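In case you want the letters, here they are:
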Amino acid sequence: MTESNSNSNSLPLKSPLPGSPRGPNPKIAMGWLHTAKFLTTAPELKHLPRLDVPEIAFVGRSNAGKSTCINTLTQQHRLAYASKTPGRTQSINLFTLGKQGVTDAVLTDLPGYGYAAVPKEAKYRWQQVMGNYLQTRDNLKAVVLLCDPRLGLTELDEVLLDVIRPRVIEGLKFLVLLTKADKLNKTDGAKALSIVKLQAGGGDVKLFSALKRQGVEEVAQHLWDWAHPAVKPVKASPPDAKSPSGDLQDPAQTE
Ligand code: GDP
């Protein structure tokens, strides 16, 4: 399925600045996340605006703690709608991020899956929408999968991992957050971490608690880094360091 441009808007959108401030700075990351603003909601991928800024998607089972996580990271009480009514949140919600009104990234809140009370057809439709989004959204840069560690990764989470695996191999960033970590003691937290790490094929897994603010700044930093990739410093070459073809040598290849 192709993305439609029909819903595009006139917000100032731009690609992240190369050479944005580097090095861990959770204050900058948290300040940046606080700029989150609702952009649009869409029932299907084709209704989303085509964007050229990095997009970071939040996915997970219903009740995994996704809305709470987004609200905590953005320091806004009701940005993500933590509704328990299935059907009311069955759409893709986009939030812009960026200082001084200039959008340099987008957060996507994908509806929770696996809610038992949802009729079969709605579940199927939703799986299609989500699969389609995760496989074809061009500017998708990273996926954050929220998981309640007391349940572990469920079958639907594993399906999702399979769907994104080819894109992860191609460079899509991926992080599993084990939410509500405050409900686990240290031993159980460590156990949950190692089990899910195995299940996630060695991917990045972290404990997260909105209640105790565990992992908040660390995750904020990840999001910032994904949206503002470092530009490799180019070594200055002496004027005679030309390849036989006359092309300047790529310093990265000569190391
Ligand atoms: P969503 O359906 O994935 O958006 O989940 P919600 O964000 O609505 O959270 C589901 C439930 O888990 C709610 O009752 C939240 O209050 C609770 N919850 C979310 N995060 C935490 C947390 O860090 N600690 C605890 N103890 N409860 C949490």
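Residues numbered from 1 in each chain as written. Predicted model: local features only at pLDDT ≥ 70, side-chain atom pairs only at ≥ 80, totals over all residues. Heavy atoms only, no water.

A. How the structure looks around the packing of aromatic side chains. One pass over the structure, following the stated rule, counts two aromatic pairs. When the ring of Trp32 is compared with that of Trp224, the centres are 5.4 Å apart and the planes differ by 90°; the resulting orientation is edge-to-face. Linking Trp32 in helix H1 (residues 26-33) with Trp224 in helix H6 (residues 216-227), this pair joins segments that are 192 residues apart in sequence. On the accessibility criterion, Trp224 (8% relative accessible area) is buried. For the pair Phe38 and Phe95, a centre-to-centre distance of 6.0 Å together with 65° between the ring planes defines the contact as edge-to-face. Placement of Phe38 in strand S1 (residues 37-42) and of Phe95 in strand S3 (residues 92-97) is noted, with a sequence separation of 57 residues between them. (Phe/Tyr/Trp six-rings, centres within 6.5 Å; stacked < 30°, edge-to-face > 60°. Helix = DSSP H or I, 4+ residues; strand = E, 2+ residues; numbered from the N terminus. Buried < 20%, exposed > 50% of the residue type's maximum accessible area, 1.4 Å probe, protein only.)

B. Up close: the nonpolar core. Core analysis: the biggest nonpolar cluster contains 38 residues, and Leu110, Tyr133, Leu134, Leu145, Val176 and Leu178 have the highest contact counts within it. If near-sequence neighbours (up to four positions away) are discounted, Leu134 is found in contact with Leu110, Leu140, Val143, Leu160, Val163, Ile164 and Arg167. Formed by 30 residues, the second largest nonpolar core is a distinct cluster that contains Ile70, Leu97, Ala105 and Trp226. (Core = buried A, V, L, I, M, F, W, Y, C linked by side-chain atoms within 4.5 Å. Contact = heavy atoms within 4.5 Å.)

C. Highlighting helix H5 (residues 186-199). Taking 1.5 Å of rise per residue, the 14 residues of H5 would be expected to cover 20 Å, and the 20 Å separating its terminal C-alpha atoms lies within 8% of that figure. All of the buried residues in H5 are Gly189, Ala192, Leu193 and Val196. Down the axis of H5, the buried side of the element spans an arc of 105°, and every buried residue falls inside it. Turned more than 90 degrees from where H5 packs its buried face, Thr187 and Leu198 sit exposed. On its buried face, H5 is in contact with strand S6 (173-178) and strand S7 (204-207). The N-capping residue of H5, defined by a side-chain oxygen 3.2 Å from the backbone nitrogen of Thr187, is Asn185. Of the residues flanking the end of H5, it is Gly201, one or two places downstream, whose phi is positive at about 65°. (Expected span 1.5 Å × (residues − 1). Arc of directions from axis to C-beta. Polar contact = N/O pair within 3.5 Å; in protein donor to acceptor, adjacent residues only side chain to side chain.)

D. Here's a closer look at the pairing of S3. Counting buried residues along S3, six of its six residues qualify, which places the element largely inside the surrounding structure. What you see with S3 is no split at all: Ile92, Leu94 and Thr96 on one side and Asn93, Phe95 and Leu97 on the other are buried throughout. Sheet topology places S1 next to S3; five bridges connect them, and they run antiparallel. Its bridge partner lying in S3, Phe38 is registered against Phe95. By the bridge criterion, five bridges tie S3 to strand S4 (residues 105-109) in an arrangement that is antiparallel. Of the residues in S4, the one forming a bridge with Asn93 is Asp109. (Pairing = 2+ DSSP bridges.)

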